[in-house]
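Summary of the model geometry
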Amino acid sequence: MDLQKPTDHKRNWTVFFLFLLITLANYGVHIGFSLKPYMIFSLLYFVIMISQFRFYHLQLYEVAMLAFYLIYSFTGAFSLYPASSIRIMAGAFIYLSCYMVMKSILEGVHQSIIDKSIGYVGVIFNTASLLLYVIGLKSVDYFFDTEGIRISQFGLMIDRNYPRLIGLLQDPNFFVFYNTVFFAYYLCNSKGWLNKAGLILCITTNILTFSRGGLLVMLVLFVLYGMINHPFKQLKMTMGVILSVTFACYIAIVYLRFNLLSILESRMNDFTSDGGSGRIELWGRAWEYFTTHKIVGIGAFNFAEYNSFEYGDNLSVHNTFLDILSESGLLGIFFYLLFLLLVVYQLYQSKIHKHKPYLFLTIIGMVLQMGFLSVIINDIFFMVLAILSTYLNRYKRKAQESTPPVTTVQKVS
């Protein structure tokens, strides 16, 4: 019989609450920046459990990641708006500190506990988001014609007359980004009623965001999943996804009172007229700032300030790579791309697409979405990187244990 110590159960619950609090990113305390629930939790854990805190071996990609944030923060010394650079420097320090605490927590539990926690938290996150969305629809009485004004009610955002799901977050595009890890997990672990329900919920909520880039990435992940799996599993999963989408459409049309397919078609047709919600114009501005500040950029976290001064709108680039290129120049983008390349290299080296395919799909999906979002520092991305680091440490230890010791034979003269 496998008996667990009471401390093991506490650690299991710790992982669950940590993941759950990360999904509550919208409910932070604003003190010049957002002090989020999981940050407070991490600080309390560190203070209370300081005797159990450990610094674990850094992966190659983690070394490159730390180097990038150091370089990125350094570019703030050359910025016209140093207050913004100082703010992102403080944010990066807090995020990375929480990252180290997160790693310490995850290293102390079995991999199966991490996977199960993702499964449970994903169901809670998507169920709560869907409920808030329905409450939001009822609060506006299913009236979406707001004359172009963006309105948020509970889990609903009415954006250019589209009823978009934001759930527990503030932005529908970031909702899909957060949901990527849960979608990939359920896609790769479809056994059991909980995971099946989780997959249906993920597909439903993702569709209701009407995020064109996010939905395109989800489709890519589904294709990749089919490529790394047995054809029979691929066919079975395809049928399951079709049924899930059909169910989601039925719920939307019958209970939420709007034609889901018609709205999706309209969103796709809008791309030719709205330039990706203004992204193409923002990308052009970011490239222009880069061409005039090629080496170190305009300074960390300065794009929004420049954009506000010159064009009157306080918007981000909506592209992580162009964001880094414009704000930290060739120096910053070199280290960021090195960081991502090392992540991909270590994924390949450990054959993670065979052993933990959901981690492989999650990271690929998040990197693809960086082309539509600015995620220089992000809670859920750091969570996935911490899970990956923990897995790679265990993979390395197992490989060392399975390698027979080398014995030397001495000649007898």
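These lines cover the structure that appears in this document, whether it is placed above or below. Given the structure is predicted, the values throughout are model-derived calculations rather than measurements.

1. Section: the nonpolar core
Across soluble globular proteins, nonpolar side chains have a tendency to be buried as a group. In this structure, Phe19 and Phe339 are the most contacted members of the largest nonpolar core, which totals 118 residues. The biggest single contributor to this core is helix H6 (residues 172-188), with 12 residues. Counting contributing residues per domain, this core is built from domain 1 (10-108 + 278-391) and domain 2 (134-273), each supplying no fewer than three. Those residues in contact with Phe339 that sit more than four places away from it in its chain are Tyr61, Ala64, Met65, Phe381 and Leu385.

2. Here we look at the pairing of strand S4 (residues 156-159)
Residue alternation in S4 divides its side chains into two sets, Leu156 and Ile158 and Met157 and Asp159, and both sets are buried. Note that strand S3 (residues 151-153) and S4 share 3 bridges and pair antiparallel. Across the sheet, residue Gln153 finds its bridge partner in S4, namely Leu156. Counted along the chain from S3 to the antiparallel partner S4, the turn is 2 residues long, and its residue Phe154 has a positive phi close to 55°. Judged from the 4 bridges that link them, S4 and strand S5 (residues 162-165) form a sheet pairing that is antiparallel.

3. Considering the pattern of salt bridges
Inspection of the entire model under this criterion finds 8 salt bridges. As a salt-bridge pair, Glu107 and Arg397 come within 3.8 Å of each other at their nearest N and O atoms. Note that Glu107 is positioned in helix H4 (residues 82-107) and Arg397 in helix H16 (residues 379-402), a separation of 290 residues in sequence. For Arg397, a relative accessible area of 37% puts it in the partly exposed group. The partner of Arg285 in a salt bridge is Glu281, with the nearest N and O atoms 2.7 Å apart. Of this pair, Arg285 and Glu281 both sit in helix H11 (residues 279-292), 4 residues apart, roughly one helical turn. Each of Arg150, Asp159 and Arg164 takes part in salt bridges that share partners, so that together they form one network.

4. So, helix H12 (residues 303-311)
Taken together, the buried positions of H12 are Phe303, Tyr306 and Asn307. Taken around the axis of H12, the buried residues stretch over an arc of 100°, which confines them to a single face. Next to the buried residues of H12 lie H11 and helix H13 (320-349). Two residues or fewer after H12 comes Gly312, characterised by a positive phi angle close to 80°.

Conventions and cut-offs
All residue numbers here refer to positions counted from 1 along the written sequence of the relevant chain. Where totals are concerned, whole chains, interfaces and linings use all residues; where local detail is concerned, this predicted model gives features only for residues with pLDDT of at least 70, and gives and counts side-chain atom pairs only at 80 or more. To obtain the side-chain values, all non-hydrogen atoms of the structure were included, while hydrogens and water were left out. For this analysis, a nonpolar core means a set of buried residues of the types Ala, Val, Leu, Ile, Met, Phe, Trp, Tyr and Cys, connected via side-chain atoms within 4.5 Å. Each residue is placed in one exposure class: buried if its accessible area under a 1.4 Å probe, protein chains only, is under 20% of its type's maximum, exposed if it is over 50%, and partly exposed if it falls in between. What counts as a helix is a DSSP run of H or I of at least four residues, what counts as a strand is a run of E of at least two, and both are numbered from the N terminus. The domain limits used here are those given by an automatic or database domain assignment. Here, two residues are considered to be in contact whenever any of their heavy atoms come within 4.5 Å of each other. At least two DSSP bridges between two strands are needed for those strands to be called paired. By convention in these notes, a salt bridge is any Lys or Arg side-chain nitrogen within 4 Å of a carboxyl oxygen on Asp or Glu. The directions considered for the arc are those from the helix axis to the C-beta atoms.

Nothing here speaks to function; it is geometry throughout.
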